[in-house]
Amino acid sequence: MSSYSIAVLPGDGIGPEITDAAEIVLKRLVASNQGLALDLTRYEAGASHYRATGVTLPPDVVTACVAADAVLLAAIGLPDVRNPNGTEVQPEMMVGLRRALDVQSAPRPVKLYPGVRSPLADVGAGIDMVIVRENLEGLFASFGGGAVVGDQVATDTIVITRAGTEKACRYAFELARRRNGRPRDGRRRVTCVDKANVFRCFAFFREVFFDVAKQYPDIEADALYVDAVSLYLVQEPDAYDVLVMENQFGDILSDLGAGLVGGLGMAPSAEIGDHHALFQPSHGSAPTIAGQNIANPIAMILSAAMMLDWLGERHDDPLALGASKQIEAAVAGVLARGDCRTRDLGGAASTTDFAEAVAAAL
Ligand SMILES: NC(=O)c1ccc[n+]([C@@H]2O[C@H](COP(=O)([O-])OP(=O)(O)OC[C@H]3O[C@@H](n4cnc5c(N)ncnc54)[C@H](O)[C@@H]3O)[C@@H](O)[C@H]2O)c1
């Protein structure tokens, strides 16, 4: 029996709707996989919770997330729920949870599924890469510590450590070993994305990357500047397999990646540490479309698939690994059929319609 406790955080905006959609799929999955059990427990946290209680991330929710086998989060934050200093309350929860779970590596798949239109006229042999975002350091290490001097100067500081960079880079190489290489020719490659021509911290990031690369002679390693990569991802997206980078660069480039494969509704993500992991779509709470049952639930459903893959790897559990593949195949099957798509993909299906179609395909 494979039994896992999952802390579910529906959050704000479209969060509760896409959580319901993911639960439709997960419940069907459990029903059709004898021996697999998922204990899904919902907790309140986020901007709406802050508005009601003055607390974004209650300590008992952190405790529950740490105790769970995995955390599934939908989306948090509302642009009008802010601290007195002008920032949103959302990062308090996101960064707080990441730090509590110590999740250093954030893989964000960028994959173009058959039946989904890319805005690029030419995608070559296809788009199937993973952006690995270092998740705790970089510019985000400064969160809670930036300074404003008088009303004239503001600073935030980038922090890069050998230990943190090594973890993210090792994760990227291990991931490349499990993948099929870049679409163009199947070559397994990890690309370090940095700004090592200008900043010492990025020259250091690159040095650590190539140190780690020596332990993976079977995987190609190369390095490019982040500005150039922004261009190349658009010009030749089939040339990339796994890319690893500093936190803020990963935050930005993964949105660009999502834009290449149908939008943020197509962009799942994971945040992986040595002992814990959190899974959530790359997108936010999309408040302008909330409450209408029109959000695309695919990023959330595929994040749940990534969760089962991680649980399967971690617990050496073929049932969970197989369940992950089943979800992705079901999503891909519905997309390829073309008769059930949400509005962002040019269709008229509701969030629930799509989830039901995936459940039926399972
Ligand atoms: N980790 C997180 O939970 C997270 C990440 C990013 C932003 N946010 C928060 O979300 C709120 C809104 O931010 P934003 O508007 O910049 O980003 P967003 O990702 O919520 O939305 C950007 C655009 O993508 C669309 N979109 C996003 N998800 C979609 C989906 N599943 N289906 C269809 N369309 C979708 C939105 O309608 C919008 O046009 C803010 O409060 C922000 O802080 C949270």
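The numbering scheme is per chain: residues are counted from 1 as the chain's sequence reads. Only residues with pLDDT of at least 70 are given local features in this predicted model, and only at 80 or more are side-chain atom pairs given and counted; all residues enter the totals for whole chains, interfaces and linings. Hydrogens and waters are ignored; side-chain quantities use all the structure's heavy atoms.

## What about the packing of helix H5 (residues 162-178) against helix H6 (residues 200-213)?
All axes here are fitted lines through C-alpha atoms, helices being fitted over the stretch that makes contact, and every angle between N-to-C directions spans 0 to 180 degrees. Secondary structure elements are taken from DSSP: a helix is a run of H or I of four residues or more, a strand is a run of E of two residues or more, and numbering for both begins at the N terminus. Put simply, H5 and H6 touch, their axes get as near as 9 Å, and they point 50 degrees apart. Classified by the angle their axes make, H5 and H6 are oblique. Pair H5 / H6 crosses with right-handed handedness. Where H5 approaches H6, its residues Arg-162, Thr-165, Glu-166, Cys-169, Arg-170 and Phe-173 are matched on the opposing element by Phe-204, Phe-205, Glu-207, Val-208, Phe-209, Asp-211, Val-212 and Ala-213. For this classification, Asp, Glu, Lys and Arg are treated as charged, while Ala, Val, Leu, Ile, Met, Phe, Trp, Tyr, Cys and Pro are nonpolar and the rest, including Gly, are polar. Class assignment of the residues belonging to the contact of H5 with H6 gives a composition of eight nonpolar, one polar and five charged. Angles are sorted into four bins: roughly parallel if under 35 degrees, roughly antiparallel if over 145, roughly perpendicular if 65 to 115, and oblique for all others. In this scheme the handedness of a crossing depends on how the near helix is turned from the far one: anticlockwise by less than a right angle means left-handed, clockwise means right-handed. The contact criterion used is simple: two residues touch if any of their non-hydrogen atoms lie within 4.5 Å.

## Here we look at the pattern of salt bridges
For this document, the term salt bridge refers to a Lys or Arg side-chain nitrogen within 4 Å of an Asp or Glu carboxyl oxygen. Applying the stated criterion across every chain yields a total of 28 salt bridges. A salt bridge links Arg-162 to Asp-211; its shortest N-O distance comes to 3.2 Å. With a gap of 49 residues between them, Arg-162 in helix H5 and Asp-211 in helix H6 connect regions that are remote in the sequence. Classification of residues uses two cut-offs on accessible area relative to the type maximum, computed with a 1.4 Å probe and protein chains only: under 20% is buried, over 50% is exposed, and between them is partly exposed. When its relative accessible area of 33% is taken as the criterion, Arg-162 is described as partly exposed. Linking Asp-222 and Arg-189 is a salt bridge whose minimum nitrogen-to-oxygen distance equals 3.4 Å. Note that Asp-222 is positioned in strand S9 (residues 220-225) and Arg-189 in strand S8 (residues 189-194), a separation of 33 residues in sequence. The residues Asp-222 and Arg-189 share a single accessibility class, namely buried.

## A word on the sheet that holds strand S4 (residues 103-111)
Taken in spatial order, the 10 strands line up as S2-S1-S3-S12-S11-S4-S5-S10-S8-S9 in an open sheet, and their pairing is mixed. Each edge of the open sheet carries a strand with a single partner, namely strand S2 (36-42) and S9. Neighbour-to-neighbour, the strand axes of this sheet turn through a mean angle of 25 degrees, independent of strand direction. Of the pairings in the sheet, the one linking strand S3 (residues 70-75) to strand S12 (residues 277-279) comprises two bridges and is parallel in character. Bridge assignment links Val-71 to a residue of S12, and that residue is Leu-278. Helix H3 (residues 59-67) contacts strand S1 (2-11) and S3 of the sheet and is inclined by roughly 150 degrees relative to S1. Relative to strand S5 (residues 128-134), helix H8 (residues 247-260) is tilted by about 155 degrees, and along the sheet it contacts S4, S5, S8 and strand S10 (242-245). Strands are labelled as partners when DSSP assigns at least two bridges between them.

## Some words on the packing of aromatic side chains
For this analysis, a ring pair means two rings from Phe, Tyr or Trp (six-membered ring only for Trp) whose centres lie within 6.5 Å, classed as stacked if their planes differ by under 30 degrees, edge-to-face if by over 60, and tilted for the remaining angles. This model, assessed by the stated rule, comprises six aromatic pairs. Seen from their ring centres, Phe-173 and Tyr-216 are 5.0 Å apart, and the 15 degrees between their planes marks the pair as stacked. Separated by 43 residues along the polypeptide, Phe-173 in helix H5 and Tyr-216 in the loop between H6 and S9 bring together distant segments of the chain. Each member of the pair, Phe-173 as well as Tyr-216, carries the same accessibility label: buried. Aromatic rings pair up to connect Phe-173, Phe-209, Phe-210 and Tyr-216 into one cluster. The aromatic ring of Phe-140 is capped on one face by Arg-133, whose charged end is 5.0 Å from the ring centroid. Comment: the charge-over-ring label is applied if NZ (Lys) or CZ (Arg) is within 6 Å of the ring centre and within 35 degrees of the ring normal.

## Looking at the domain arrangement of the protein
Taken domain by domain, the protein consists of domain 1 (1-105 + 268-362) and domain 2 (118-261). Counting residues at the interface gives 15 residues for domain 1, matched by 14 residues for domain 2. A buried area of about 1,400 Å², summed over both sides, lies between domain 1 and domain 2, and 49% of it is on carbon and sulfur atoms. Once two parts are put together, the accessible area they lose, assessed with a 1.4 Å probe and summed over both, is termed the buried area. Considering only the side of domain 1, the residues that lose the most area to domain 2 are Arg-99, Gln-104 and Ser-105, jointly responsible for 45% of the buried surface there. Domains are outlined according to an automatic or database domain assignment.

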